[in-house]
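# Descriptive analysis of the structure
Each chain, written out:
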Amino acid sequence: MARSTCSARLLIRTALLLSICFLLNPADAGRRGFRKNKHDGGEERRVQEDDEKGARRVGRKERKRLEREKAVKFAQMKADGQDQISMTKEAAELRSYELRKKKKKGLFRRKEASLAQVLFPGASPEEYSEREPVPAFVEQVESKRTHLPFDFYDLPSCPEPAEKIQKRFRQRKNLGSRLMGYKLRMSPYNFPTKVDKGCTPLCVVEIGGKKLRWLRKLVDRQYRVHLTLDQLPLLMRSRELNYAVRGYPVGFKAPPTFTGLQEDEFYLYNHIKFTITYREEPNEFEGVRIIGFDAHPVSIDYRKEGEIKSLTQDTNLEAAGKADGFSGCQADSSPINDPESYLKLRSGSSGEPLNIGFSYEVHWQETDITWSDRWDVYLVGSPDDEIHYFAIVNSLMIVVFLTGAVATIMIRTLKKDIAGYNEMQTIEEAQEETGWKLVHGDVFRPPQSYPMLLCVLVGSGAQIGSAFFATLFASMLRMLNPIKKGQALTAVVVLYVFCGVIGGYVSARLYKFCDAKAWK
């Protein structure tokens, strides 16, 4: 009875399926037509894709042709003596071509971008209205010959601006900058937007004795003064030598062949010519955007130009309105480097201190270079880049040599052990453990003394390592802005604190593995 019921159910199901197929037969033709149309559409789509690929191939060939034309064009510009560091349109195009590989962002599909987007993601330009004061900050006075920096105001220099002005332009410091000892202090110079200044007396400083000898050492060790304006480092450019370096030197040293003396003579730069390039585009933005910040130092002894009158020492003459004491520095004059008027770092014949008059001048120049391309000149290259390449190659060669030496020792040791294992002939000899086999029983054996110390050290290493790699990952994702001093160190400290969870887990897990009881 059960079998007959099952067979009846199968017959009914078969009949239903056949009827459904019969009823759907007319639609099959339509479906086949639909599939055919869909197939035809796919063919058309494939043809269109082939056409796009062909156009892309043509575009690629066109790009290669344009790249060859650009290479010929810029090679001709170099042959004609075009420099790469000036603020002209031709020099900017040449810089952009030299940095074309660095002006790309992305991991897989690298797209063209400006250096501001690549180096400082999230940074935005700042506009200044006419006559608005632009704050300039002084950084540490550093030298590549020594690793001991000094504060700018430790040198014989003019006093800081008033506390009221400093509070107006004071910048907040993060934890990293405080730990690094990085302290931004306002410079004694005044830069109103689009206001040119001739020779402006700043202050008179009296030095002698130890201070004078220390200043001569700074000049001998090639210390440089660094300033920033609108987060842009100060540059010294030389169109003749086609290079640009950051900061300006404290002074310079003349050999005996130049002075005719028996020893070197030291001179001080006491007049700075500032050149600020800006861009103004009323259709795009309001105000002025700063594009470049350059300096040209001058050494001039105002005592030869005209005797410096008795002025109050260590006083900002421009702020106090006492600029009449410099007879050799007038608003319509511009001092130049003249060997006859260099300022020697020597005291008087009878040991009297040296009176130094500091001054500066400012020139604003308009340019067509955009704000996003103002960092190009800093990456074009300087004569000191070869030193970094040499240091990198030297470090790599040392690593390769040490790796080869360790690998050679390991191979020789393993060869002896493997040969000893192969020469075993009897079972008794094979059962004896020799060489590397003796280590396997000690690898995962809990230490008998000071297990807590081992677990703490391993957990601390895991915490430091995880914080380090997390910081690198954040840098790769452009989450850290290099233009903010100390932000990377702040990220390391914060991530180190959060990675204490990882360090605690690793320490507790290892301590439990060592059969400890109070691992919680």
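Residues numbered from 1 in each chain as written. Predicted model: local features only at pLDDT ≥ 70, side-chain atom pairs only at ≥ 80, totals over all residues. Heavy atoms only, no water.

## With respect to empty space enclosed by the protein
Rules: The pocket and cavity definitions rest on a 1 Å grid over protein atoms only: a 1.4 Å probe that fits but cannot leave marks a cavity, an open set with protein on both sides within 12 Å along at least five of seven lines marks a pocket, and residues lining either have an atom within 4 Å of a point. Grid points are joined across faces, edges and corners, and a volume is the space filled by probe spheres set on the points. Residues are sorted three ways: Asp, Glu, Lys and Arg are charged, Ala, Val, Leu, Ile, Met, Phe, Trp, Tyr, Cys and Pro are nonpolar, and all the rest, Gly among them, are polar.
Here the structure, examined in full by the defined rule, presents one cavity of 30 Å³ or more. The computed volume of the largest cavity comes to approximately 200 Å³. Surrounding the largest cavity, 18 residues form its lining, Phe152, Pro156, Tyr248, Tyr269 and Phe358 being those nearest its centre. Of the residues contributing to the lining of the largest cavity, the split by class is 16 nonpolar, two polar and no charged.

## Observations regarding the sheet that holds strand E4 (residues 185–186)
Which entries qualify depends on this criterion: Paired strands, as defined in this entry, are two strands with at least two bridges between them according to DSSP. A run of H or I in DSSP counts as a helix once it spans at least four residues, and a run of E counts as a strand once it spans at least two, with each numbered from the N terminus.
Taken in spatial order, the four strands line up as E4-E3-E7-E8 in an open sheet, and their pairing is antiparallel. If you trace the sheet from one side to the other, it starts and ends with E4 and strand E8 (232–233), each paired once. In this sheet, E8 lies alongside strand E7 (residues 227–229) in antiparallel orientation, the contact comprising two bridges. Paired with Leu229 across the two strands is Leu232, which belongs to E8.

## Thoughts on the packing of helix H14 (residues 451–476) against helix H16 (residues 500–513)
Convention followed: Helix axes are fitted to C-alpha atoms over the stretch in contact, other axes to C-alpha atoms as well, and angles between N-to-C directions run from 0 to 180 degrees. The scheme is simple: roughly parallel for angles under 35 degrees, roughly antiparallel for over 145, roughly perpendicular for 65 to 115, oblique for anything else. Handedness of a crossing is defined here by the sense of rotation of the near helix relative to the far one, left-handed for an anticlockwise turn of less than a right angle and right-handed for a clockwise turn. Only heavy atoms matter for contacts: two residues are in contact if any of them lie within 4.5 Å across the pair.
Taken N-terminus to C-terminus, the directions of H14 and H16 make an angle of 150 degrees; their axes are 8 Å apart at the nearest point. By the angle between their axes, H14 is roughly antiparallel relative to H16. Our pair here, H14 against H16, has a crossing hand that is right-handed. Side by side, H14 and H16 meet where Pro451, Met452, Leu454, Cys455, Val456, Val458, Gly459, Ala462, Gln463 and Ser466 of the first sit next to Gly500, Ile502, Gly503, Val506, Ser507, Leu510 and Tyr511 of the second.

## What to know about the pattern of salt bridges
Short version of the rule: Each salt bridge in this description consists of a side-chain nitrogen of Lys or Arg and a carboxyl oxygen of Asp or Glu lying within 4 Å of one another. Residue burial is assigned from relative accessible area. The probe radius is 1.4 Å, only protein chains are included, and a residue is buried under 20% of its type maximum, exposed over 50%, and partly exposed in between.
Scanning the model with the defined rule gives 16 salt bridges in all. Residue Glu69 is joined to Arg65 by a salt bridge in which the shortest nitrogen-to-oxygen separation is 2.4 Å. In this pair, Glu69 and Arg65 both sit in helix H2 (residues 25–79), four residues apart, roughly one turn of the helix. Overall, Glu69 belongs to the partly exposed group, its relative accessible area being 42%.

## Some remarks on the packing of aromatic side chains
The relative placement of two aromatic rings is captured by the distance of their centres and the angle of their planes. The criterion, for reference: Stacked, tilted and edge-to-face are the three classes assigned to paired rings of Phe, Tyr and Trp, where Trp is represented by its six-membered ring and a pair needs centres within 6.5 Å; plane angles under 30 degrees give stacked, over 60 edge-to-face, the rest tilted.
A complete count under the given rule lists 19 aromatic pairs for this structure. Arranged with centres 5.2 Å apart and planes meeting at 80 degrees, the rings of Phe150 and Trp214 form a pair that is edge-to-face. In this pair, Phe150 sits in the loop between strand E3 (136–138) and helix H5 (163–169) while Trp214 sits in helix H7 (residues 210–220), placing the two residues 64 residues apart along the sequence. With a relative accessible area of 22%, Trp214 lands in the partly exposed category. Aromatic side chains Phe252 and Tyr342 sit 5.1 Å apart centroid to centroid with 80 degrees between the ring planes, which places their arrangement in the edge-to-face category. Taken as a pair, Phe252 in strand E12 (residues 251–254) and Tyr342 in the loop between helix H10 (317–320) and strand E16 (354–366) lie far apart in primary sequence, 90 residues in all.

## Structural notes on the confidence of the model for the chain
Atomic detail in the predicted coordinates should be set aside for any region of low pLDDT. Condition: Values of pLDDT, which run from 0 to 100, indicate the predictor's confidence residue by residue.
Per-residue confidence for the chain averages 77 on the pLDDT scale, and 73% of its residues sit at or above 70. Under a pLDDT of 50 for its full length, residues 1–6 has, in the predicted model, zero contacts with residues more than four places off or in other chains. Note on residues 20–56: pLDDT is under 50 here. Beyond four places in sequence and across chains, it has one contact.

## Let's talk about the environment of Asn174
The residue Asn174 is located in the loop between H5 and helix H6 (175–179) in this model. In sequence terms Asn174 and Gln487 are 313 residues apart; their C-alpha atoms lie 7.0 Å from each other. Setting aside residues no more than four positions away along its own chain, Asn174 makes contact with Lys485, Gly486, Gln487 and Thr490.

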